[in-house]
Each structure stands twice: as structure tokens, then as C-alpha cells.
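# An overview of the molecular structure
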Amino acid sequence: MAKIKRIRVGCSRLLVPCLIILVLLLNLKLDFTSSTTHGSNKWPSPVEERQNFNAINSDTGGDDRLIMKLAAEVVQSDESVLGKEGSDKIKDAGNIIESAVVPDTATQAFDTNDNIDKSDGQPSFVETEKPAENKSFAGNSESSTTQSPAPLNQGQDEVPSNTDSPAPNTGINCEFSDYRYNMCSIEVNVRVLGSSATVLLIPSPSTAPDTDVWKIRPFTRKWEDVTMARVREFTIQWAPDQNQAPACDVTHDVPILIFSTEGFPFNPFHDYTDLLIPIFLAAKQYNGEVQFGVTNFHIPWINKYQPYLQALSHYPLINLDSETLVHCFPSGQIGLRGTGPITVDPSFAQHGYTMQDFRHFMRTSLSLERAQVEIIEKTSNKKPRIAILLRKGTRTFTNEDEIIEMAQGVGFEVARADTETTKDFPRFAHIINSCDVLMGLHGAGLTNMLYLPNNGTVLQVIPWGDLKFISWKDYGEPTKEMGLKYVEYEIKEEESTLIEKYPRNHTVFTNPQELHKQGWMAMYTVYLVEQSVKLDVNRFRGVLVDLFNSLTQQ
């Protein structure tokens, strides 16, 4: 750090040498990350990807951010040396790094094609105060006041958060060994104190209470330190006995499911992978007879996905961030079981649910009409429909009108899925459901494949940069369990706008894996932020012709 401070002195007089030194220091940082995290050319696992991402952007590894900030300051003082374009590139690089650190901007960094709902109104089905009458309450409250629990951890042992805790015959079973999540299933009476983020287990009169304490952040991206730091932590512990526990203000006769809506709201990939699919897997078994307790309460997200939440629970949500009443339940689950990208592992899922079950639940909840893609007679007036995702900001089609005209020439009816259209949920789900094919560049917008009818086709356009594995893992592999077909088109370097920014002999083109080895952020910045695509419609036309023929017959 002292080295960086000394560099700053006199930089205004020696602009170009200073910039060279700053860039070299940044490269050294990236090379060091490369040598310590990726010793081979294979794509890192999801855990490695995010560990590397977090290491680059953590407070303890902030030298690179300071370098970019200093460079931006120097350039701002005299843009005449590099010109405004060169100045903007350095400033933009600094902004990209910062956007990965600041939680409020992280959503936009992942995908600008997300469905952003700016509503901040209170959802109509959220429980904000104790109702006079509700079928979820078994009777009168035991007390009108809230008592604080005993001080945490006094004489109690905290269970390690990386090992499972079966606790046989005690009424609590915790799963802590999976890298994606922590979760505790509770089969004894519980008292939930939302304002203090505490769950008290009530021992039976004949059972001596355990002294263990469990701590859980109820979100399914456990490997991401930056994300999980924003998730409210809950403490689970045994009450000394029934008489010493806080009295119930509200008594429920259904179990509680506690989860957080923190993360990357309105990025559809994360909405479904991190929350909606895990909530379905946990709650579907109860046929609506379950109470949701939500922390990091994100009102616009909850408003958007009301159709799903109301289908899974017949009761108003409890906002655990502001709730001051003591709620009592016969059992509960704290946390959700995470799964892979927009998928369900049948061998892992609770109660044997599959992605086909989830898609059927979605169609029912959203009243989607089409369940199956049917072959169209070429002699009829009907045409196969293709929805083309038209992103704005990053990874755009620069010749979208030319692509649409070519698709129409092949014989498709085209639905333009631009950013304004995708915001209108659930109407947009009905548009996709009316289509036979969903086409788009690699990105969260492809998650909308969930709304396609069975036997529909996902056509993923893969940008330049050796991104085939991650593209397949995120949006190709999940189609198998959804009952969908998958087609991919990997662009040539001539179709990438990176040819306007880098010479052909640059590592960006000659050896993309070199950028991969420098870490997630280096790869992400170049191949997923800087890059857009100008499709070679002559080369791409054959893909659409084959698709059209597969959907039609004489």
C-alpha cells in the first residue's frame, strides 16, 4: 500500500509513466490471483468461481480498486493525453469493479435484461400486524406483551456450521455440510422472535433441553461471502423449559418456513435458482398449510412473485425484520435446500419433486395455456413462433433488426422480447408460453425458458471467449429435466464486437483461457461486459432453417 501512495506523488506531471506503472501493478495482482487459485486450464467450479470473484473484490484485497481509482483521478485531470475514449475506458473499469462490491448495483451487473419492478408499495398479502381473526391461529394469544429470550450462548455450545447435526430424538435435524446452504428441520414446538432473529425450541416436560446453539443465514448461496454477509443471521437454541420461554402472542397450527429474499432480486436466474425453486421444494408438501416467515424482506420482489407464494401458502407472510410479536408453531424449517442452476436433482430433492413438477406448478399458478409444442402443418396458415431476447447494455445484438428480418424470411413469427416487454410479469410469461422457441445471448434472460411449453426449444447464442462450458451448465443442461430441446450457436471472432477493441493477435482472441485463469472478474469484464454480438445472418440462417423444419411437416 505504501508503494501505491508514493506513486501518487507527481503523477499529474508524469501522466503516461504513472498510468503504465498502475496498469502493471493491476496485472501483477491478477497474475497472483491466477497462480494461487487456478493451476489448470479447466473452468473452475461454482465455488472456485465465486471465491476468486470475492477475493478480488473484498476489502482485504482492495489494492486493485485503489489503483483503478487513482488512474481515473489522474486521467480526469488531463483527458488530452489519452483522449476522452481512453479516459472513459479506465473510469468504466473502475466502475465495474465497484459495481461488484456494492450490493445495490450487483443485480444490474449480472443482467440488464432482468424484469425490474420499481414498485415499493406494501404487498396486499403481507402480514403487518396481528389480525383479529385468521385460520392460521389456533386460538387466543397467551400474552399481549413480548419478552426477550435468555441471553444467547450462556452455558450453551454453538454447533459448527460446516457439519451436519442430526441430533437424533431431540427434534432438530440440521444440514450444514453442503456448500450451497445451511438448513434446520425442527419437529418440536418453536417460538419465533422476529425482531431479535431468534428461534426457541421448546422441550417437552420429560426431556432435558440440549445446550447446543445453531446459527443460520437462511439463503442458498453459502459459498458467496459477500452475498451472505447481507443475509440476516438467525440463532436457534433451546429454551430452558416451557415456563421460562417468552409467552406466545400468536399461536399457529401450521409449520413455519423461514427464508431470506436477499441476493440478486429481479435477476430471473437467481430468482428461480436461489429462491423460487428451493421454496417450492420445501413448501409444496404442505398443500398450502404452511406459514412463510421472511427476513431481508424485499417488498417489490414479493409483490412480483405473489402468484407463486400465494399458491404455496394460504397465509399472509410474516415480515420477521419488523415483527415484535412472539409467534408459536408446532414445527418448522429454517433455511432452504439449494439446488443447481434452475434445476432440481431428483436424488436430492425433498419428497421426490422434479423440474417437471415445478414447471407444472408454474403453469398452474400463472394460468399458462400451452402445455405442449405441437408440430404445424406447412400447408396451414399458422407459423412457428420464436421469441428473441433483445438485451440492452451488455451482450446485445447490434444487428437485431437484420436478425428478425432473416427469421421472418425463414418462416417464423417473431416476438420481440425487449427490456420493456420482459418487465411486464406475468404477461411476459404468457408471451413466452405462446412461443415454440426462445432465442437469446448467454445471460439471465434465458431463464424465461421455464415458461416454454414442453418440447419447446432453447436456442442459446454463445459469445466469444471459450464460454461453452458455463453456457451449457447454466442454460443447456437444465433443459433436459424441463422436457425442452436445446440448440446452441457459438459465434466466430468476426461476429464479436471485441474485434473493434483488440487486435487479432491479442490474448482475448488467441488464448481466452489466459483471461479465465486470471480470475472471474478478468474474464467477466472482457467477455460478458465489454462484448456484444453482430450475428453473421448467412451463417446463422442454417440453424433457424433446421429449427423451422423440426417444427413443421408437409
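Under the annotation held in an unreviewed UniProt entry, the chain carries the name Glycosyltransferase 61 catalytic domain-containing protein and is attributed to Rhynchospora pubera. Regarding the chain, the relevant UniProt record gives this comment under Subcellular location (unreviewed entry): "Golgi apparatus membrane".

## Here we look at the overall build of the chain
Assigned secondary structure in the chain consists of 20 helices and 21 strands. When each of the 554 residues of the chain is scored for burial, the buried share is 57%. Pairs at least 24 residues apart make up 75% of the contacts formed inside the chain by residues separated by at least 6 positions. Total accessible area computed for the chain in this model is approximately 23,800 Å², and 49% of it derives from carbon and sulfur atoms.

## Let's talk about the side chain of Asp 249
When you line up the elements, Asp 249 lands in the loop between strand S8 (234-238) and strand S9 (250-251). One polar contact links the side chain of Asp 249 to the main-chain amide nitrogen of Val 326, over a distance of 2.8 Å.

## Topic: the pattern of salt bridges
The final tally for this structure, using the stated rule, is 20 salt bridges. Of the charged contacts in the structure, one is a salt bridge between Glu 224 and Arg 221, with a shortest N-O distance of 3.1 Å. With a relative accessible area of 1%, Glu 224 lands in the buried category. A residue is classified by how much of its surface remains accessible, and Arg 221, at 7% relative accessible area, is buried. Two residues, Asp 436 and Arg 370, come together in a salt bridge whose shortest N-O distance is 2.9 Å. Separated by 66 residues along the polypeptide, Asp 436 in the loop between helix H14 (427-433) and strand S18 (437-441) and Arg 370 in the loop between helix H11 (355-366) and strand S15 (376-377) bring together distant segments of the chain. Overall, the relative accessible area of 4% leaves Asp 436 in the buried class. Look at Arg 370 and you get partly exposed, because its relative accessible area is 23%. Through salt bridges that share partners, Lys 392, Glu 400, Asp 401 and Arg 416 make up one connected network.

## What to know about the state of the cysteines
Throughout the structure, instances matching the rule amount to two disulfides. With its sulfur 1.9 Å from that of its partner, Cys 174 forms a disulfide with Cys 184. On the sign convention where negative means left-handed, the S-S torsion of about 110 degrees between Cys 174 and Cys 184 marks this disulfide as right-handed. Separated by 10 residues along the polypeptide, Cys 174 in strand S3 (residues 172-175) and Cys 184 in strand S4 (residues 183-186) bring together distant segments of the chain.

## Some details on helix H12 (residues 400-410)
Turn by turn, an α-helix covers 3.6 residues, leaving residues three or four places apart pointing in a common direction. Turning to H12, its buried residues number three or more, namely Glu 400, Ile 403, Ile 404, Met 406, Ala 407 and Val 410. For H12, the arc enclosing every buried residue in end-on projection is 165 degrees, short of the 170-degree limit, so these residues lie on one face. In H12, those exposed residues whose orientation departs by more than 90 degrees from the buried face are Asp 401, Glu 405 and Gly 409. Those residues of H12 hidden inside the fold are in contact with strand S16 (385-390), strand S17 (413-418), S18 and helix H20 (537-551). Gly 411 lies just past H12 and shows a positive phi near 130 degrees.

## Focus: the packing of helix H8 (residues 268-283) against H11
Between H8 and H11, the least distance of the axes is 11 Å, while the angle of their chain directions is 90 degrees. Compared by their axis directions, H8 and H11 come out roughly perpendicular. Of H11, the residues touching H8 (which contributes Tyr 272, Leu 276, Ile 277 and Phe 280) are Met 355, Asp 357, Phe 358, Phe 361 and Met 362. By residue class, the composition of the contact of H8 with H11 is eight nonpolar, no polar and one charged.

## Quick look at the pairing of S17
Pairing of S16 with S17, which is carried by six bridges, proceeds in the parallel orientation. Across the sheet, residue Leu 389 finds its bridge partner in S17, namely Ala 417. Handedness of the crossover joining S16 and S17 through H12: right-handed.

## Observations regarding the pairing of strand S7 (residues 212-216)
Of all five residues making up S7, four are buried, and the element is well covered by its neighbours. Of the pairings in the sheet, the one linking S7 to S8 comprises four bridges and is antiparallel in character. Within S8, the position partnered with Trp 214 by the bridge is Ile 236.

## Regarding the sheet that holds S18
Read across the open sheet, the five strands follow the order S17-S16-S18-S19-S20; overall the sheet is parallel. Two strands in the sheet have a free side with no partner beyond their single neighbour: S17 and strand S20 (485-490). Within the sheet, the average angular offset between the axes of one strand and its neighbour, ignoring direction, is 20 degrees. The sheet contact formed by S18 and strand S19 (residues 457-462) spans five bridges and is parallel. Looking at S19, one finds that Leu 438 is bridged to Val 458.

## Some thoughts on the packing of aromatic side chains
By the definition in use, this model includes 22 aromatic pairs. Ring geometry for Trp 464 against Phe 509: centres 6.2 Å apart, planes inclined by 45 degrees, an arrangement best described as tilted. Of this pair, Trp 464 sits in the loop between S19 and helix H15 (468-476) while Phe 509 is found in helix H17 (residues 507-510), placing the two residues 45 residues apart along the sequence. Here Trp 464 matches Phe 509 in class, with each residue buried.

## Looking at the confidence of the model for the chain
As a note on interpretation, predicted positions should not be read in detail where pLDDT is low. Confidence in the prediction of the chain, expressed as mean pLDDT, is 78, and 68% of residues score 70 or more. Across residues 1-155, confidence stays below pLDDT 50; counting only partners more than four residues off in sequence or on other chains, it has 252 contacts.

Calculation rules
Residues numbered from 1 in each chain as written. Predicted model: local features only at pLDDT ≥ 70, side-chain atom pairs only at ≥ 80, totals over all residues. Heavy atoms only, no water. UniProt positions renumbered as here; feature names shortened; annotations may be inferred. Helix = DSSP H or I, 4+ residues; strand = E, 2+ residues; numbered from the N terminus. Buried < 20%, exposed > 50% of the residue type's maximum accessible area, 1.4 Å probe, protein only. Contact = heavy atoms within 4.5 Å. Areas by Shrake-Rupley, 256 points an atom, 1.4 Å probe, with all protein chains shown as cover. Polar contact = N/O pair within 3.5 Å; in protein donor to acceptor, adjacent residues only side chain to side chain. Salt bridge = Lys/Arg side-chain N within 4 Å of Asp/Glu carboxyl O. Disulfide = S-S within 2.5 Å. Arc of directions from axis to C-beta. Axes fitted to C-alpha atoms, helices over the stretch in contact; angles between N-to-C directions. Parallel < 35°, antiparallel > 145°, perpendicular 65-115°, else oblique. Nonpolar A, V, L, I, M, F, W, Y, C, P; charged D, E, K, R; others polar. Pairing = 2+ DSSP bridges. Right-handed = clockwise from strand over helix to strand, strands pointing away. Phe/Tyr/Trp six-rings, centres within 6.5 Å; stacked < 30°, edge-to-face > 60°. pLDDT = per-residue confidence, 0-100.

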